[in-house]
Amino acid sequence: QVQVVESGGGLVQAGGSLRLTCAVSGSIRDIYAMAWYRQVPGKRREVVARITSDGTTNNADSVKDRFTVFGDVAKKMVYLQMNSLKSEDTAVYYCNADISPVGLNIRIDAWGQGTQVTVSS
């Protein structure tokens, strides 16, 4: 069994900052990457930022220069530092882990339950 737990969401004023934390645990043989997604009601879930096991990072254009993903994928702990927040960043933020479970020769996506980020203007 694999668990993905996000924390750090909340209410912040426009221009402010928040840091989200994602911790992965469980029966994991390999972990390849971790990523942050977000979703607002009625819209598709979209990727925000991703970090691979070798430390390579990618950000969506909408958050470049404002959001930073960092951490240690091998240690199954990553963060999303969000600065200069805008009202359009309001969403539920989900952590995703690209893993191979112990005992299975497959690669799957594991998801957390999400954490709400609300930016007031």
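Rules behind the numbers
Residues numbered from 1 in each chain as written. Predicted model: local features only at pLDDT ≥ 70, side-chain atom pairs only at ≥ 80, totals over all residues. Heavy atoms only, no water. Disulfide = S-S within 2.5 Å. Helix = DSSP H or I, 4+ residues; strand = E, 2+ residues; numbered from the N terminus. Buried < 20%, exposed > 50% of the residue type's maximum accessible area, 1.4 Å probe, protein only. Salt bridge = Lys/Arg side-chain N within 4 Å of Asp/Glu carboxyl O.

**Brief notes about the state of the cysteines**
Alright, step 1. If you walk through the whole model with that rule in mind, you get one disulfide.
Alright, step 2. A sulfur-sulfur separation of 2.0 Å characterises the disulfide bridge that pairs Cys22 with Cys95. On the S-S bond that ties Cys22 to Cys95, the torsion sits near -85°, and the link is left-handed. Here Cys22, found in strand 3 (residues 18-26), pairs with Cys95, found in strand 9 (residues 91-101); they are 73 residues apart in sequence, far enough to count as distant. Comparing Cys22 with Cys95, the two get one shared label, buried.

**Looking at the pattern of salt bridges**
Alright, step 1. In the structure shown here, the tally under the stated rule is six salt bridges.
Alright, step 2. For Arg29, the salt bridge goes to Asp30, with nearest N and O atoms at 2.9 Å.
Alright, step 3. Given the relative accessible area of 30%, Asp30 is considered partly exposed.
Alright, step 4. Asp89 serves as the salt-bridge partner of Arg66, at 2.7 Å between the closest nitrogen and oxygen. Of the two residues, Arg66 sits in the loop between strand 6 (57-59) and strand 7 (67-72) while Asp89 sits in the loop between strand 8 (77-82) and strand 9, which places them 23 residues apart along the sequence.
Alright, step 5. A relative accessible area of 9% means that Arg66 is categorised as buried.
Alright, step 6. The buried category is assigned to Asp89, whose relative accessible area is 0%.

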